[in-house]
Amino acid sequence: MSKPMLSVAGVKTQYGKIIALHGVDLDVNEGEIVTLIGANGAGKSTLMMTICGTPRASEGRILFEGRDITHMPTHEIMRLKIAQSPEGRRIFPRMTVYENLQMGAAMDDYAHFEGDLERMFDMFPRLKERLHQRGGTLSGGEQQMLAIARALMSRPRLLLLDEPSLGLAPLVVRQIFDVIRELNAIEGLTVFLVEQNAYHALKLAHRGYVLVNGSITMAGTGRELLESPEVKAAYLEGG
Ligand code: ATP
C-alpha cells in the first residue's frame, strides 16, 4: 500500500496553557486536494502552522514523504518542497510583484525562474500587468494570487493554503479555486486547503476533514461531507 505524502498523527499543539489541537490525525495522499474545514478559532491555522514547524507540536508525529519533520526547523521543512500561502496572504507589501515572486523562487535556487514566471503569468495574467507595482497596492484578490504564485515559484510538492477565499468577492474566489483545481488536475500538485468557506472547499476537494475545537470530528470525501446533515447544519446552511 502506498504511504500518504503527509501524515499527521496524534498532534497536540499548545499556546502556553491553551490547547489548540487535541491529538489530530489526518493524511494527505500524493495527487489529492484535501481540505480542512471548521469555524473561526477551531484550530485550522494552528494545524497548518504546526506542519511548518512553528508552533511546535507538543505531542504526536508529522511525517512528510516518510520523513519525520515534527522537530525539524521551519526553513528545513520548506526545503523539503512544502510551500505555504498563509492566512492573510503575508506578501511583502513594499516589494514589487516581481520581487515577491523572486523571493518565492529563492527556495528553488532560481533554477527555473524565467520559465516559472511565464507559467505564473499564464495562470494569473493580472500579475503580469502589475509586475512592477508594490504588493501592498494590489487588491485583495490580486494579493491572494500573488501569495499563491509566490508559493508556487518554489516548485512545491505539497502546497498548503490557509483560507485563500478570505475577504474576497465571489467571482475572485471562483477564479482562485479554478486555478487550484487546474494545478491539481493538470500538474498533479498535492494541495492541503484550510477553509471556512466549506461549500467551495468541499466541492473542490477529493477528501475533507472537519475540525471542531481542536479535534477532528468527521472525515470523508468532499461529496460525502457536502451531503452530511451535520456539515450542512453547521457549515452550509445560511452561508
Ligand atoms: P481562524 O479561521 O479564525 O483563523 P482557526 O480555525 O485557524 O481560526 P486558530 O487561529 O488556529 O483557529 O486558533 C485556534 C485556537 O488557538 C483559538 O482558541 C485561538 O484563540 C488560539 N490561538 C491561536 N493563536 C494563538 C496564539 N498565538 N496565542 C494564544 N492562543 C492562540
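Since we're looking at a predicted model, the values are computed, not measured. (Residues numbered from 1 in each chain as written. Predicted model: local features only at pLDDT ≥ 70, side-chain atom pairs only at ≥ 80, totals over all residues. Heavy atoms only, no water.)

Colleague: I keep staring at the layout of surface pockets and nothing clicks. Help me out?
Modeller: Any space left empty among the atoms is revealed by the rolling of a water-sized probe across them. A volume near 460 Å³ is recorded for the largest pocket. Put simply, the parts of the chain that give the lining of the largest pocket at least two residues each are helix 1 (44-51), helix 2 (74-79), strand 6 (82-85), helix 3 (97-106) and helix 6 (140-152). Here the lining of the largest pocket takes 3 residues from strand 6, the largest share from any one element. In terms of residue class, the lining of the largest pocket is made up of 10 nonpolar, 6 polar and 4 charged. (1 Å grid on protein atoms, 1.4 Å probe; cavity = no way out; pocket = protein on both sides within 12 Å on 5 of 7 lines; lining within 4 Å. Points joined across faces, edges and corners; volume = space filled by probe spheres on them. Helix = DSSP H or I, 4+ residues; strand = E, 2+ residues; numbered from the N terminus. Nonpolar A, V, L, I, M, F, W, Y, C, P; charged D, E, K, R; others polar.)

Colleague: Explain the environment of Phe-92 to me, please; I cannot follow it from the model alone.
Modeller: Residue position: Phe-92 is located in the loop between strand 6 and helix 3. Residue Phe-92 is classed as partly exposed on the basis of its relative accessible area, which comes to 32%. Beyond its immediate sequence surroundings of up to four residues, Phe-92 is in contact with Asn-100, Met-103, Gly-135 and Arg-150. (Buried < 20%, exposed > 50% of the residue type's maximum accessible area, 1.4 Å probe, protein only. Contact = heavy atoms within 4.5 Å.)

Colleague: Sorry, what's going on with the pairing of strand 8 (residues 190-195) here?
Modeller: Regular strands place side chains that alternate from one sheet face to the opposite one. Counted residue by residue, strand 8 has 6 buried out of 6 residues, so it is predominantly covered. Residues of strand 8 alternate between two faces, with Thr-190, Phe-192 and Val-194 on one and Val-191, Leu-193 and Glu-195 on the opposite face, all of them buried. Pairing analysis gives 5 bridges linking strand 7 (residues 158-162) to strand 8, with the strands arranged parallel. Of the residues in strand 8, the one forming a bridge with Leu-160 is Phe-192. A crossover links strand 7 with its parallel partner strand 8, the connecting element being helix 7 (residues 170-187), and its sense is right-handed. (Pairing = 2+ DSSP bridges. Right-handed = clockwise from strand over helix to strand, strands pointing away.)

Colleague: When you look at the sheet that holds strand 6 in this model, what are you seeing that I'm missing?
Modeller: With respect to topology, 6 strands assemble into an open sheet ordered 6-7-8-3-9-10, the strand pairing being mixed. In this open sheet, the two strands that pair with only one neighbour each are strand 6 and strand 10 (215-221). If you compare each strand with its neighbour and ignore which way they point, the axes differ by 15° on average. (Axes fitted to C-alpha atoms, helices over the stretch in contact; angles between N-to-C directions.)

Colleague: What exactly am I supposed to notice about the site of the ligand here?
Modeller: Around the ligand sit 14 residues, and of these Asn-40, Gly-41, Gly-43, Ser-45 and Thr-46 come closest. Between the ligand and the protein, one listed contact pairs an oxygen atom with a side-chain N or O atom of Asn-40 at 2.3 Å. One nitrogen or oxygen atom from the main chain of Ala-42 is found 3.0 Å from an oxygen atom belonging to the ligand. Considered on its own, the ligand offers 630 Å² of accessible surface; in the complex 62% of this is hidden by protein. (Near = heavy atom within 4 Å. Polar contact = N/O pair within 3.5 Å; in protein donor to acceptor, adjacent residues only side chain to side chain. Areas by Shrake-Rupley, 256 points an atom, 1.4 Å probe, with all protein chains shown as cover.)

Colleague: What's the story with the packing of helix 3 against helix 6 in this structure? I'm lost.
Modeller: Any two packed helices are characterised by how steeply their axes cross, that is the angle between the axes, and by the distance between the axes. The N-to-C vectors of helix 3 and helix 6 enclose an angle of 35°; their axes lie 7 Å apart at closest approach. As helix 3 runs across helix 6, the sense of the crossing is right-handed. Counted together, Val-97, Asn-100, Leu-101 and Gly-104 of helix 3 and Leu-146, Ala-149 and Arg-150 of helix 6 form the full contact between these two elements. A breakdown of the residues in the contact of helix 3 with helix 6 according to their chemical character gives 4 nonpolar, 2 polar and 1 charged. (Left-handed = near helix turned anticlockwise from the far one by under 90°.)

Colleague: I would appreciate a short explanation of the packing of aromatic side chains in the present structure.
Modeller: Two aromatic rings are characterised by how far apart their centres lie and by the angle between their planes. Counted under the stated rule, the structure contains 2 aromatic pairs. With centroids separated by 5.6 Å and ring planes inclined at 85°, the aromatic side chains of Tyr-98 and Phe-113 adopt a geometry described as edge-to-face. In this pair, Tyr-98 is assigned in helix 3 and Phe-113 in helix 4 (residues 113-123), connecting sequence segments 15 residues apart. Among the residues examined, Tyr-98 registers a relative accessible area of 24% and is labelled partly exposed. (Phe/Tyr/Trp six-rings, centres within 6.5 Å; stacked < 30°, edge-to-face > 60°.)

Colleague: In this structure, what is going on with unusual backbone geometry? I would like to understand it.
Modeller: As a rule of thumb, non-glycine residues mostly have phi less than zero, and peptide bonds are mostly trans rather than cis. Of note, the bond from Thr-54 into Pro-55 is cis; its omega dihedral lies within 30 degrees of zero at 0°. Position of Pro-55 among the secondary structure elements: in the loop between helix 1 and strand 4 (59-64). Positive phi values are uncommon outside glycine, yet Glu-65 reaches one of about 50°. Inspection of the secondary structure puts Glu-65 in the loop between strand 4 and strand 5 (67-68). Within the chain, Lys-81 stands out as a residue other than glycine whose phi angle is a positive 80°. Along the chain, Lys-81 falls in the loop between helix 2 and strand 6.

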